[in-house]
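These are the residues of each chain, in order.
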Amino acid sequence: MPRPEQKTIQLTIDGREVGAVEGAMLVDAAKQGDVEIPYFCYEPKLGNPVGACRMCLVEIEGIPKLQTSCSTPVKDGMVVHTQTDRVRHAQNAVVEFLLINHPLDCPVCDKGGECPLQDITFGWGLGRSRMIEPKRHFEKPLALSPLVAIDRERCILCYRCVRFSQEVAEDYQLIFAERGAETYVATHDGHPYVAPFSGNIIELCPVGALTSQPYRFRARPWDIEGAGGICTLCPAQCNVTFTVRDDRVLRVLARDNAGVDDGWLCDKGRIANQSIHVDERITKPMVRDGGELREVSWERALETAAGLARHQGRTGALAGGQATNEEGFLLQRLLREGLDSADIDSRVGRGVEASTLRALSAPALQASVPDLEFAHTVLLVGVEPLDDAPILDLRIRKGVRRNGVKLAIASARPSALDANAAHIQRFAPGGEAGFLSDLIGALDGSATSTGQGLSTLATLLRDGGEDVVIIWSERMGNEAAGQLGRLAELLGLPGRDGAGLLEIPCGANGRGLREAGVRPDSGAGLAPLPGATNGRDALGIAQAAADGELTALYLLQTDPVRDQPDRALWERALHSVALVVAHASVLTEGLREHATVIFPAESHAEKEGTVVHPDGRVQRQRIAIAHPDEVRSGWAVLAELAARAGVDIDARRSADVFTELAAAVPFYAGLTLEEIGGRGVRWPEREAAGAAAAAADADAAPRTPNSHRSEPVLPNQGQLRLGTYRPIWAAPECEISPALKFLIPEQQLELAPQDAEWLGIGHGDEVTVTQNGTRIHARAFLRSAVPAGSAFLAEGIGGEESANTLTEPLIEVRKV
Amino acid sequence: MKTILFDNIDEPGLNTLEVYERRGGYQALRKALSMSREDVLSEIMDSGIRGRGGAGFEMGRKVSFLPHGDMEKYLVCNADESEPGTFKDRELMQKSPHMLIEGIVIAAYAGEIARAFIYIRGEYQLQADILEAAIAEAQRAGYIGQDILASGMNLPLVLHRGAGAYICGEETGLLDSLEGKRGNPRLKPPFPAIEGLYHGPTLINNVETLSTVPAILNMGAAEYAKIGTESSTGTKLVSISGDVKRPGNYEIELGIPSREIIYGLAGGPPSGKEVKFWFPGGSSSPVLTKDDLDVPYDFDSLAKAGTMLGSGAIIVADESRRVLDTALKLAKFYAHESCGKCVPCREGTNWTHKMLQRIYTGEATPMDLDIMASVQEQIIGNCLCVLGDAMAMPIGSMVAKFRDELEGEIEAARERADGAPLEDVVALGVADEQAGPMPVH
Amino acid sequence: MTPSVPRFAHGSRVPGWDDAVDLTKDPAVVPDPATTPVPEELRAEIEAAMAKYPDRRSAAIPALHAAQAVYGYCSPEGIAQVAAVMRLTPAYLTSVATFYDMLETAPRPKHNDVFICTNISCSLLGADEFFDAMLQAAGTDETMHVRSFECLGACDIAPMASVNGEYIGPLELADAQQIVDDLKAGRPVLSEKQIRYRRSVDPGAGGADQATEFGVRRGAAQVDTAGLSEADAASDRPGPAAPLEYPSEENEDA
């Protein structure tokens, strides 16, 4: 749906002529005229104003009563007064009322010094209270969840936290209970407020009522500095401000960027900063010595790693999602130029082929994050935003709730967004390709028969408005992705503003690494490799290593035993090769058992470099804190190893590498770090994007004919189809963050109640999941929304119970 | 005077369709359906009838604010009669439920509305049962539901029972409650006529107002407008209670002297006592004294006297009563019923309640009366809805009109409690008004 | 000085303010029907209520009333069951339930509700004294839920009470024991003082000559819940409980 047109009007505030967008709220318009109107409850990100705090009352000529400026849209010619005696009287009154029951415990309050109530009392209060009755006192602080403490004395009932829970995250766990002055923030029957975005309420609270359990009393506002950065713990790449005290990141706050995160953070991004400063983190280089990993000098570690030179043509490399573009660029140069190997990948499993990607990366096909808010229809294919790029979950909800965006979900596993969807299409795990080809058939009329659901969906997409955004996951694989071009074409998406495709890659910087050339089938800028020099993909690398064809592995911030499918194969691969060089900050199981050299990796607060958001926004990571202990920059280590391997490289700063990268990628041409700045810049919107368009045209996507579609395997008697997903909390950073440990998922088998019934399994029972003699343990989790015949297991969780232990599509389940 | 609403209201079986029809019931609806919607609306407009719920807004204008066109529009009958002292709708619904239903259908016809609700307070269980039975009867007889009287008009009517919250009588609080939420009032604008129930344009009227509509259609707007005064047309049910001999509901012609209601109809206070103060329009209206007994009972005259007609509920207190007792009941009530959404009401009602309690315990000084008056001023006009004002206005009027008595109470309570003499009391927490705000550095 | 103003202090009178959450519990998300069994009758009642409205959430209050009828109060389990049927979070319903006076969230056995109006008109005429008498009469019986209530909308029979929804008044102190006795005996409570039989006092209502058509047999075992049914109207007991003298110039007090 087209974004509303903006018309500028003129109004007078305190005698000043102020220009403002028509329909903007007066309180915002006043800022344009440098007039500050105080408020507590107003927060446009939370939806419609509630007008509860009454702090923003102003006088508007022609209206007898004072009006709340947070809820009054400006009109042309409006005359507003914010400084009259009447207004001041009302403001003084509200401050006095608010302080009736607010304890003046500011000296011991965590919010002190950065508290809106303090500031507004100072600026707009009378500085006295006539209330001599004793204030109320309650137990405090109390736990609201393991992450959030609540201090009910201090609460001014501004509605912000409950509105967040109810109208933004829509988890509706946080509520007001009771009525009148007895109203308090609560949950149902003492259940904790645990939800993926719960931490945002801490930042929203205008008093010290909601405080962060991990941050409480760690610093005063005058002890700290803020440093802008990017969270690279998932592909959503939210913009953050690190709160730094004495070179330690004590807190992470949102750094509102409408193009990326809309000012919200998930709890992983907010709390996992703890992983930067824990003993479990690797901060010294290590080398395996006599079967044991031992801390060594950098020189010794580099020397050992330089042994890669003995594995020319027999080295494979994987880059994890947290690697920057610069690191990826250097890694592929090291591999291709220094070690004469093309076996390099940044994907999980097989991924999507370069030619398909080039076509789907055409700038004309790229949707942006804000498009999700204004599209007519958003279609999710095989993607669960909550797990794959959490902050997008909130953006989709916002579009549906506020702008009437129609949401269609096509997935095997029930989605957290199901309740918001206008249409839900369930298929068997792995059924994306079949679904897409059926949908295309329904749209272009080539299908002989179309199911009821599919034809409803086809109608919704075709007739529900032109602006359709399709979010898809790299996980769906090449066969499915190959059909997206045709689907987009049928819906008229190419070239349409506000419509297009948005891919969620598996790694946080999956898109940047791919564009930097960390793929076996394309170089920098997704360019085809000269001749038939394509290397092996991730799975191929594992196979080749296990078979002895590869003898060394380079693991840049990834542990394939945990991150890649087929755990057993990777264990064999790592076991077989002679040299495993890794950059890591957490000693996950694959590295603990098999790494030869480990370089301590930087956290996202220490890195300098660039990353690319799934919608093509190139963003800058900056150094917020110095490297702890002996950590060194990843790019510098790679540059050093490349130089030792004879690569002609001149990189003295990370910025030098970026300059080289920008020169190597045609569609980054002319891009500078200054241009990227603090908000990032979407390359598909730049002029140089034409290069990518040309590449896409030259490489018309091969259409997968319908006849070749692979059907999901049919289960035999007593079997279930297995689908896997990577939960939001399945990350080593969560495992070593003390405050997040309670969220670490234990393996659970989600299955339909019907299946549980014939299997004789009850909710919470322990079960075994068996396949080809491999067995894992899980707890049964009955879920009505799971289609009968399907079952789901988590991957990415540590240990043998992870779903990547299983490789086949069918499982047998038994109660223990 | 001819009664309109209460005409033979005690006739046995009037709550049944049979008796109601025998008395000419649903003829007004037939008449309305034979007219154009516009004509029915102008009848309502021309009658000049003002809302009987409290605000006194002209019903016809409210209907005319509804947008036209293809959209879901709603009619909500406000039967959440909770204003202390008010019980007129209770008697109407209990004894003549079909009159209300007929009024709802006619009003819906005038407003092109296709779905209606009656929100009745949960405590009115008998009345709700009677209404439910009447709705079922009317449904069977084709007066509501689909294709009403073969006119093509549809109007499902659902009775919704509340669960005990005064604030749900406020129209937007009622809408939130009807939507299944906490009954918090909403910001206005948008007004319900533009965006109300389920975001649709919504006409909200009181039981008495809607029950009058059939009579207006039957007798004609012009005839109806002749009753009462020019700006307060028609008859009004007045609930009178407290210190009177014959408490109950009386249907009066608007504009008669208040004395005639209090003394003439209700018999005045029991023998030998005089009226001390009285609420003319429910507990939210500023109190009047015996000097105001000749104020004509209509919207404008009462407004001129500094109070309001409100819901038309008179509570009389005779000279044996203490103002303090009533003030405390009042403050306690509003503090209990404040929804807690906006600050001045939530905190102001509670603060006032505590100050009044302190008078009883001998912990107050006359300065507290100044603070109390000032707190009421700080509430009035600054709240999200009118509940805060509903306490602040009567309390303010009591402090102003009975200051001497309240000071006497303070003094006496201090003596009882063995408190320090007043001249030795340092007013804690009260800064020197001249000192101004805290110094700014 | 004897400070007797009720103070807020630790251990406040507001339930919940001093309570932390129980960190061992799971978050209360929308209950999955697969793991939340609901009694069939309760489910049917909730579903019927939901069907009446364009938006299912409108049925929150009726559904909570239904759960309260089953469990005696809106118990956490009852709320979870309503939530499962209505596809809402339990917290949504807790928020609603705690807002309204007639929905109970504190544990309570199935009980008789005795709500005594102590608002202005009733208290002018002795409601506070009656409330004390009622508390005394009820004693420690847990099945008697005696509470003071804000204006119940029946000031014409002040002081009054609502007993299990039945409005009775004007009350005298002796009626308190009678209410307890009637409830225990399973009789209609103070049937001669029930508002369903009260006639209009308005002389204009023109019903004075029909006074005999209203009323109820004193102590009648069965009272027609339809209230003003013809059976009652035809009963031969003259004279309602409420005063029915109509004002005229002659009997007006000086």
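Keep in mind it's a predicted model, so treat the numbers as computed, not measured. Counting of residues starts from 1 at the beginning of each chain's written sequence and follows it residue by residue. In the order they appear in the text, chains get letters beginning with A and ligands get numbers beginning with 1. Given that the model is predicted, a residue must reach a pLDDT of at least 70 before its local features are reported, and side-chain atom pairs must reach 80 or more before they are shown or counted; all residues, however, enter totals for whole chains, interfaces and linings. With hydrogens and water set aside, each side-chain value is computed from the structure's full complement of heavy atoms.

Concerning unusual backbone geometry
Negative phi values dominate among residues other than glycine, just as trans dominates among peptide bonds.
Okay, step 1: Omega for the peptide link from Ala158 of chain C to Pro159 of chain C comes to -10°, which places this bond in the cis form.
Okay, step 2: Secondary structure elements follow DSSP: runs of H or I no shorter than four residues count as helices, runs of E no shorter than two count as strands, and numbering proceeds from the N terminus. Relative to the helices and strands, Pro159 of chain C resides in the loop between strand 2 (144-149) and strand 3 (161-163).
Okay, step 3: Residue Pro170 of chain C follows Gly169 of chain C across a cis peptide bond; omega there is -5°.
Okay, step 4: By the element assignment, Pro170 of chain C lies in the loop between strand 4 (166-168) and helix 7 (175-185).
Okay, step 5: Despite not being glycine, Asp629 of chain A has its phi angle at roughly 50°, a positive value.
Okay, step 6: Following the sequence through the fold, Asp629 of chain A ends up in the loop between strand 27 (617-621) and helix 22 (634-644).
Okay, step 7: The phi torsion at Asn772 of chain A lies on the positive side, around 50°, for a residue other than glycine.
Okay, step 8: Considering the arrangement of structural elements, one finds Asn772 of chain A in the loop between strand 31 (766-771) and strand 32 (774-782).

Some points on the pattern of salt bridges
Okay, step 1: The salt bridge criterion pairs a side-chain nitrogen of Lys or Arg with a carboxyl oxygen of Asp or Glu, the two atoms within 4 Å. Under the definition given, this model contains 104 salt bridges over all chains.
Okay, step 2: The residue Asp89 of chain B makes a salt bridge to Lys88 of chain B at a minimum N-O spacing of 2.9 Å.

Here we look at the environment of Pro280 of chain B
Residues and elements named next belong to chain B.
Okay, step 1: Within the secondary structure layout, Pro280 lies in the loop between strand 9 (275-279) and strand 10 (288-289).
Okay, step 2: Given the relative accessible area of 0%, Pro280 is considered buried.
Okay, step 3: As for Pro280 and Tyr297, which are separated by 17 residues in sequence, their C-alpha atoms are 8.4 Å apart.
Okay, step 4: Ignoring sequence-local partners within four residues, the contact set of Pro280 consists of Ser285, Pro286, Leu288, Tyr297, Leu302, Thr307, Met308, Leu309, Gly312, Ala313 and Ile314. Note on classification: 1.4 Å probe, protein chains only; a residue is buried when its accessible area is under 20% of the maximum for its type, exposed when over 50%, partly exposed between these limits. Contacts between residues were defined by any pair of non-hydrogen atoms, one from each residue, lying within 4.5 Å.

Quick notes on the confidence of the model for chain B
Regions with low pLDDT should not have their predicted coordinates read in detail.
Residue and element names in this part refer to chain B.
Okay, step 1: Confidence per residue, as judged by the predictor, is encoded in pLDDT with a range of 0 to 100. When pLDDT is averaged along chain B, the result is 94; 95% of the residues meet or exceed 70.
Okay, step 2: Considering only residues more than four positions removed or in separate chains, one finds that residues 427-441, a stretch of pLDDT under 50, has 15 contacts.
Okay, step 3: Overall fold confidence (pTM) sits at 0.93, and the ipTM for the predicted complex is 0.94.

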